[in-house]
Amino acid sequence: METKPDILAPQTTMSAVTLKVADLDVMTDFYQRGVGLTLLSQKGGRAALGRGAAPMVVLEHTPSLRHAPAGHAGLFHTAILFNRRSDLAAAVYSVATRFTTAFTGSSDHLVSQAFYFDDPEGNGVELYWDRPRDQWRWDGDHIRMDTVHLDPNRFLGENLADPGQAAAIGDAPLGVGHVHLKVGDIATAHLFYVETLGFEETAALGNQALFVSAGRYHHHVAMNTWQSRNAGPRTPALGLGQVSVEVPTADEVAAVAQRLRDRGVQYRHDGAVLTVDDPWRNLVRVSAPTA
């Protein structure tokens, strides 16, 4: 696939989401014992959980912070992708039975089947499975997505072979499939995430929501104003610490830096990792794999 000069490479993916948390033990327990992530490291108030050697959720203990008031920008949810519906069912069963008040809903989005939870500190979590790409339907550059009722009990009945498998799902999640953010307005989000960072728009709901991706994925980042319309820049608070985007090469990181520089957006770049605040001070990290 030919790389266009002003967009992210098609191999771009999402990486670890960092959360600032008040109770490190409780939050680690949720993502480890509930979702099924492996505790990869824990040192100095920082716990990294994921699959293999790749962190998916990083928890930073910051008890001096408080939750942001309602209506502020920040994290809507972290979406963790599963390879098989049976793996997804095991994780859904695990969270729903071990954290009985966490479940908030489920939907079939045509491209995926998704289950939604809140972690113990109110951060949204989506657990989902993608339908094969040859079943996705596109209208030009826009993908067809919807929100259709998905019965969680029926899904578990059809896909959970043995409730006991929920105890052994540590290697099942593939990674962070996408991240959904709360923003103040969609036009500004489009200017930053599409026209500057280089994602491509894949779907939009007027002035309510925007979905963007690289490589014709249904979406790597979504932004909405459902709870945060007209929100201004964030102040330090519990919740989202950082969103991570992984591009295939250091040259791709440099290309992002050039686009930011051309548009007068301030950023930090140490030669390997680039970090930049979006217009609501959601911190975005862009990096390439190291040898």
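Residues numbered from 1 in each chain as written. Predicted model: local features only at pLDDT ≥ 70, side-chain atom pairs only at ≥ 80, totals over all residues. Heavy atoms only, no water.

Chemist: Please explain the overall build of the chain as it appears in this structure.
Modeler: Scanning the chain for helices and strands turns up five helices and 20 strands. Whereas a compact globule of 291 residues would reach a radius of gyration of roughly 19 Å, the chain reaches 18 Å, a difference of no more than 12%. In terms of overall dimensions, the chain has a C-alpha envelope of 55 × 45 × 40 Å along the principal axes. Residue burial in the chain is summarised as follows: out of 291 residues, 52% are buried. (Helix = DSSP H or I, 4+ residues; strand = E, 2+ residues; numbered from the N terminus. Rg over C-alpha atoms; globule rule 2.2 N^0.38 Å. Buried < 20%, exposed > 50% of the residue type's maximum accessible area, 1.4 Å probe, protein only.)

Chemist: When you look at the nonpolar core in this model, what are you seeing that I'm missing?
Modeler: One broad trend across soluble globular proteins is that nonpolar side chains are buried collectively. In this structure, Tyr 31, Leu 59 and Leu 127 are the most contacted members of the largest nonpolar core, which totals 68 residues. Excluding its chain neighbours within four sequence positions, the residues that come into contact with Leu 127 are Val 35, Ile 80, Phe 82, Leu 88, Ala 91, Val 92, Val 95, Gln 113, Ala 114, Phe 115 and Phe 117. (Core = buried A, V, L, I, M, F, W, Y, C linked by side-chain atoms within 4.5 Å. Contact = heavy atoms within 4.5 Å.)

Chemist: Is there a simple way to think about the environment of His 178 in this case?
Modeler: Looking at the secondary structure, you find His 178 in strand S13 (residues 173-182). Here the alpha-carbon distance between His 178 and Phe 211, two residues 33 residues apart in the chain, equals 10.0 Å. Separated by 3.2 Å, the side chains of His 178 and Tyr 128 make a polar contact. One polar contact links His 178 to His 219, side chain to side chain, over a distance of 3.3 Å. (Polar contact = N/O pair within 3.5 Å; in protein donor to acceptor, adjacent residues only side chain to side chain.)

Chemist: What is the right way to read the side chain of Ser 112 from this model?
Modeler: Considering the arrangement of structural elements, one finds Ser 112 in strand S8 (residues 112-118). Among all residues touching Ser 112, those that are not within four sequence positions of it are Ser 107, Tyr 128, Trp 129, Asp 130 and Arg 131.

Chemist: I tried to follow the packing of aromatic side chains on my own but got confused; where do I start?
Modeler: One pass over the full model with this rule turns up seven aromatic pairs. Between Phe 76 and Trp 226 the ring centres are 5.7 Å apart and the planes differ by 70°, which places this aromatic pair in the edge-to-face class. Of this pair, Phe 76 sits in strand S6 (residues 74-82) while Trp 226 is found in the loop between strand S16 (221-224) and strand S17 (239-246), placing the two residues 150 residues apart along the sequence. Looking at Phe 76, the relative accessible area reads 23%, which means it is partly exposed. An aromatic cluster of at least three residues, connected via ring pairs, comprises Phe 30, Tyr 31 and Phe 99. Here Arg 85 stacks its cationic end above the ring of Trp 129, 4.3 Å away from the centre of that ring. The aromatic ring of Trp 138 is capped on one face by Arg 216, whose charged end is 3.9 Å from the ring centroid. (Phe/Tyr/Trp six-rings, centres within 6.5 Å; stacked < 30°, edge-to-face > 60°. Lys NZ or Arg CZ within 6 Å of the ring centre and 35° of its normal.)

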